[in-house]
Amino acid sequence: MDPFEERRKRMVERLREELGISEKVARAMMKVPRHLFVPKAYEREAYVDTPLPIGFGQTISAPHMVAIMCDLLDLKEGEKVLEVGGGSGYHAAVVAEIVGKKGKVIAIERIPELAERAKDVLKLLGYDNVKIVVGDGTKGYPEEAPYDKIYVTASAPDIPKPLIEQLKPGGRMVIPIGRYEQYLYVVDKDESGKIHKRVWGPVRFVLLVGEYGFKEWE
């Protein structure tokens, strides 16, 4: 018996009531044990709707943000998805539940220690449809391109060019943009390769560091 199941259920019910999240996202979040993806010191706060520190100046996104991004992506079973900013691995696990065994999630994380920790937890939970890669996420991951969907879990100065190139025609990206004022964008690439952007709303993320992101010393 999972001692956190009741808390997880309450968290998901709140997200249903307050945000009207889709049933497939609710089901996925009910299955993923968020408490295993946070440091032990924050385990009891795992189902509070807030970001939590995971070390190295990084955070695990608040559950409502994970739910919103998953719904905005309109994820479907069997899709190949790129995550930029793998962090704790929690968001990738939720996406992996939605795309299913026939789908695949490639998560890029620039901090090796976080990547290793995420790999261990995902392996423990049996997510063999998630691949964690250490590297500069702003360059994407051309080896597995093109992707049906791409999402970025840190705020960029602009949409990194390699991510646009690696997105399939007909694909969608969700990405926060901005430094002090940040907005979440939904980016669609039509069948001819043309890019269409719309703003979802203001958000708050850590900064995306990399060649096509912010510089570490900024």
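Further up the page is the structure itself.
Description of the structure in this document. The model shown is predicted, which means the values in this text are computed figures rather than measured ones.

1. With respect to the side chain of Ser88
Okay, step 1: In this structure, Ser88 sits in the loop between strand S3 (80-84) and helix H4 (90-99).
Okay, step 2: Within the structure, the side chain of Ser88 is placed 3.2 Å from the backbone nitrogen of Tyr90, a separation counted as a polar contact.
Okay, step 3: Apart from residues no more than four positions distant in its own chain, Ser88 is found in contact with Phe37, Ile54, Ile60 and Ala118.

2. Observations regarding helix H2 (residues 23-31)
Okay, step 1: Residues of H2 that are buried include every one of Val25, Ala26, Ala28 and Met29, and no others. Down the axis of H2, the sector holding all buried residues measures 165°, keeping them to one side.
Okay, step 2: Those residues of H2 hidden inside the fold are in contact with helix H1 (5-19), helix H3 (63-73) and H4.

3. A closer look at the layout of surface pockets
Okay, step 1: Estimates place the volume of the largest pocket at around 490 Å³.
Okay, step 2: As for the largest pocket, its lining consists of 34 residues, and the residues nearest its centre are Thr59, Gly85, Thr153, Ala154 and Val206.
Okay, step 3: Broken down by secondary-structure element, the contributors of at least two residues to the lining of the largest pocket are strand S2 (58-60), H3, S3, H4 and strand S4 (104-109).
Okay, step 4: Class assignment of the residues belonging to the lining of the largest pocket gives a composition of 16 nonpolar, 13 polar and five charged.

4. Looking at the packing of H1 against H2
Okay, step 1: Orientation of H1 relative to H2, taken along the N-to-C sense of each, is 160°, at an axis distance of 9 Å. When the axes of H1 and H2 are compared, the pair comes out roughly antiparallel. Of the two elements, H1 crosses H2, and the hand of that crossing is right-handed. From H1, Glu5, Arg8, Lys9, Met11, Val12, Leu15 and Arg16 reach across to H2, where they touch Glu23, Ala26, Met29 and Met30.
Okay, step 2: Classifying every residue of the contact of H1 with H2 by side-chain character gives six nonpolar, no polar and five charged.

5. Re the pattern of salt bridges
Okay, step 1: Applying the stated rule across the entire model yields 16 salt bridges.
Okay, step 2: In this structure, Glu97 and Lys31 form a salt bridge, with 3.9 Å as the shortest nitrogen-oxygen distance. In this pair, Glu97 is assigned in helix H4 and Lys31 in helix H2, connecting sequence segments 66 residues apart.
Okay, step 3: The shortest N-O distance in the salt bridge between Glu144 and Lys104 comes to 2.8 Å. Here Glu144, found in the loop between strand S5 (130-134) and strand S6 (147-152), pairs with Lys104, found in strand S4; they are 40 residues apart in sequence, far enough to count as distant.
Okay, step 4: Judged by its relative accessible area of 29%, Lys104 is partly exposed.

6. Quick notes on unusual backbone geometry
Of all residues except glycine, most have a negative phi; of all peptide bonds, most are trans.
Okay, step 1: Along the chain, Ala145 connects to Pro146 via a cis peptide bond; the corresponding omega equals 0°.
Okay, step 2: Position of Pro146 among the secondary structure elements: in the loop between S5 and S6.
Okay, step 3: Located in the positive-phi region is Phe56, a residue other than glycine, with phi close to 60°.
Okay, step 4: The phi angle at Asp74 is positive, at roughly 55°, despite the residue not being glycine.
Okay, step 5: With respect to the helices and strands, Asp74 occurs in the loop between H3 and S3.

Calculation notes
Residues numbered from 1 in each chain as written. Predicted model: local features only at pLDDT ≥ 70, side-chain atom pairs only at ≥ 80, totals over all residues. Heavy atoms only, no water. Helix = DSSP H or I, 4+ residues; strand = E, 2+ residues; numbered from the N terminus. Polar contact = N/O pair within 3.5 Å; in protein donor to acceptor, adjacent residues only side chain to side chain. Contact = heavy atoms within 4.5 Å. Buried < 20%, exposed > 50% of the residue type's maximum accessible area, 1.4 Å probe, protein only. Arc of directions from axis to C-beta. 1 Å grid on protein atoms, 1.4 Å probe; cavity = no way out; pocket = protein on both sides within 12 Å on 5 of 7 lines; lining within 4 Å. Points joined across faces, edges and corners; volume = space filled by probe spheres on them. Nonpolar A, V, L, I, M, F, W, Y, C, P; charged D, E, K, R; others polar. Axes fitted to C-alpha atoms, helices over the stretch in contact; angles between N-to-C directions. Parallel < 35°, antiparallel > 145°, perpendicular 65-115°, else oblique. Left-handed = near helix turned anticlockwise from the far one by under 90°. Salt bridge = Lys/Arg side-chain N within 4 Å of Asp/Glu carboxyl O.

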